[in-house]
Amino acid sequence: MDVKFAKPKSFYEIYERKPGANKEGIHYCPGCGHGIIHKMIAEAVQDLEIQDRTVVISPVGCSVFAYYYFDTGNIQSAHGRAPAVGTGVKRTHPDSIVISYQGDGDLAAIGTAEIVHAANRGEQMTVIFVNNAIYGMTGGQMAPTTLEGQRTTTTPYGRKKENEGQPVRVAELIDALEAPVYVERTTLSDVKGRTRTRKAIRKALKYQSENRGFSLVEVLSSCPTGWGVTPVDANQWIREKMEAVFPVGLLRDRAADIEARPLEPRPFVRENLHQLLEIPEPGTGDAQAAAAQGAGEMQHVDERYRNPRIKVAGFGGQGILFLGLGIASTGMELGYQVSWLPSYGPEMRGGTANCSVRVSSDLIGSPIVAETDILVAFNKPSLAKFEPDVRAGGVVFYDSSLIDASPQRDDIEAVSVPATQLADELGNTKAANMVMFGAIAEKTGLFSLEEVRQHLGGYIKKKKLIPLNERAIERGATYVREGA
Ligand SMILES: Cc1ncc(C[n+]2csc(CCOP(=O)(O)OP(=O)(O)O)c2C)c(N)n1
Ligand code: SF4
């Protein structure tokens, strides 16, 4: 027989991982199971002729770099979230073959809920679950699959069931659900086990290509580095210890009993987005009326303040996030593209808070505001922290009743508004944020006062507070207009 050993075509020929890295080799430690499993997947993908539609979702863990090896579609997901990402890929591209590749930290710790629900929904994907009984990437901490008595950096005296619970048997957990079609546990500890693993991976991928449903293959795999043993001893340890706790074998194969369920293609079309998310189309209702008045293009706004990137910052409890929300909400009602990205500490009161707001007549690429056109600072630390980010020619509004220093830079415009004091005079300190909103509207012309007033109901839920907020907006605007 003519046996040829060749790299599967579904691997890249050269691994462009980083400058100077070995372009032939992989980043895994000697004796690591990941490389073996990668090869089995790549061979199956090649043999099933599904390379052009396979999408490998790599996790966080040692296999985070899988995308440097598989010449397929690749997405690197957040820790534990591969099944969710896979769900999105599969539902929007039903013809794709989705492989959710996950370690035991990724799948059975931080991602427990993700995997259970994806399996329970019967998402049509193949999960390759690499159980090496430890967190390899982060230096050998205990995983949910760590064996009783096993020493790890976080269980230096060995895992105790009284303290850390018993090892989680993932294949059995998934087998307890109705929807999955195929669940098998295999091992890499010997040749027989590897042959079985190779077949299981093939079967799972074949079932997906036949639209049969959700499959999970759990592979008992070695981590000589994390376990502190040689590769040979690692295999022995899997055989003697791991397989006693995680019995290998088929748990379920229902493929013959179920009908193929081809998914309807649901291509992502931008125009459908509002319908899918059940939100009003821009250009309808209030937004339409505003657009008809010419608000959509922002031509009426002075060039300096057009399509602003705004940062609002101060202490928690000052209504910082609410002011940002008000600006974004008003912009949205007027038919602009908007984003609002809050950032706050864990404290309910007294911690720092800021939000990034964008109001734009163009599509917004990112809600993050790094360079700022309009900074609104409600306390001294916020002014100090965010003033350097204001672009030359930008504007800073600051609450001069709380900040006893003015901005340092001379290439920006500074607008002092004693917002807290003015709100106090109106009878409610908490209205300082809306005093500032009035000041911003008056100074920049981004919205008219009438527009701000008209859309208060969109984000102020307690209607009885609207009159106070109207007075606050008016007061801030008057202050800017008349300087008092
Ligand atoms: C949200 C988040 N929490 C924690 C981490 C740290 N972290 C990186 S990998 C990892 C666990 C990896 O273990 P496993 O999934 O078993 O994969 P292995 O490295 O063993 O292949 C953790 C906890 C992270 N990157 N992100
Ligand atoms: S630390 Fe363990 S899982 Fe990670 S590459 Fe090394 S042997 Fe493999």
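Residues numbered from 1 in each chain as written. Chains lettered and ligands numbered in written order. Predicted model: local features only at pLDDT ≥ 70, side-chain atom pairs only at ≥ 80, totals over all residues. Heavy atoms only, no water.

Colleague: Whenever I open this one, the sheet that holds strand β9 (residues 337–344) confuses me. Can you help?
Modeller: Sheet strands associate in pairs through backbone hydrogen bonding, adopting either a parallel or an antiparallel arrangement. What the six strands build is an open sheet, ordered β9-β10-β8-β11-β12-β13; its pairing is mixed. Each of the sheet's edge strands pairs with one partner strand only, and the pair in question is β9 and β13 (413–417). Mean inter-strand twist for the sheet, computed between neighbouring axes without regard to direction, equals 15 degrees. Two strands pair when backbone bridges link them, and strand β11 (residues 372–377) and strand β12 (residues 390–399) are joined in this way by five bridges, in the parallel orientation. (Pairing = 2+ DSSP bridges. Helix = DSSP H or I, 4+ residues; strand = E, 2+ residues; numbered from the N terminus. Axes fitted to C-alpha atoms, helices over the stretch in contact; angles between N-to-C directions.)

Colleague: When you look at the packing of aromatic side chains in this model, what are you seeing that I'm missing?
Modeller: A full pass over the atoms with the stated rule returns eleven aromatic pairs. Between Y28 and Y69 the ring centres are 6.3 Å apart and the planes differ by 50 degrees, which places this aromatic pair in the tilted class. One end of the pair, Y28, is in the segment before α1 (33–47); the other, Y69, is in the loop between β1 (54–58) and β2 (73–76), and 41 residues separate them in sequence. Taken individually, Y28 and Y69 each receive the classification buried, so the pair is uniform in this respect. Judged by centre distance (6.2 Å) and plane angle (75 degrees), the ring pair of F437 and F447 falls under edge-to-face. (Phe/Tyr/Trp six-rings, centres within 6.5 Å; stacked < 30°, edge-to-face > 60°. Buried < 20%, exposed > 50% of the residue type's maximum accessible area, 1.4 Å probe, protein only.)

Colleague: What exactly am I supposed to notice about helix α17 (residues 466–482) here?
Modeller: Think of an α-helix as 3.6 residues a turn; residues three or four steps apart then line up on the same face. Look at α17: 24 Å from first C-alpha to last across 17 residues, which is about the 24 Å you get at 1.5 Å a residue. Among the residues of α17, I466, L468, N469, A472, I473, G476, A477, T478 and Y479 are the ones counted as buried. Packed against the buried residues of α17 are β13, α14 (419–425), α15 (432–444) and α16 (449–454). Just downstream of α17, G483 is the residue with a positive phi angle, here 70 degrees. (Expected span 1.5 Å × (residues − 1). Contact = heavy atoms within 4.5 Å.)

Colleague: Before we go on, may I ask you to explain the domain arrangement of the chain in this structure?
Modeller: Interface size is commonly expressed as the accessible area that is lost once the parts come together. Taken domain by domain, the chain holds domain 1 (33–257) and domain 2 (284–482). Its C-alpha centre places domain 1 at a distance of 48 Å from the equivalent point of domain 2. (Domains from an automatic or database assignment.)

Colleague: Is there a simple way to explain the site of ligand 2 in this structure?
Modeller: The immediate surroundings of ligand 2 are formed by Y28, C29, C32, H34, C62, N132, G136, C223, P224 and T225. Looking at the shell around ligand 2 residue by residue, the class counts come to six nonpolar, four polar and no charged. (Near = heavy atom within 4 Å. Nonpolar A, V, L, I, M, F, W, Y, C, P; charged D, E, K, R; others polar.)

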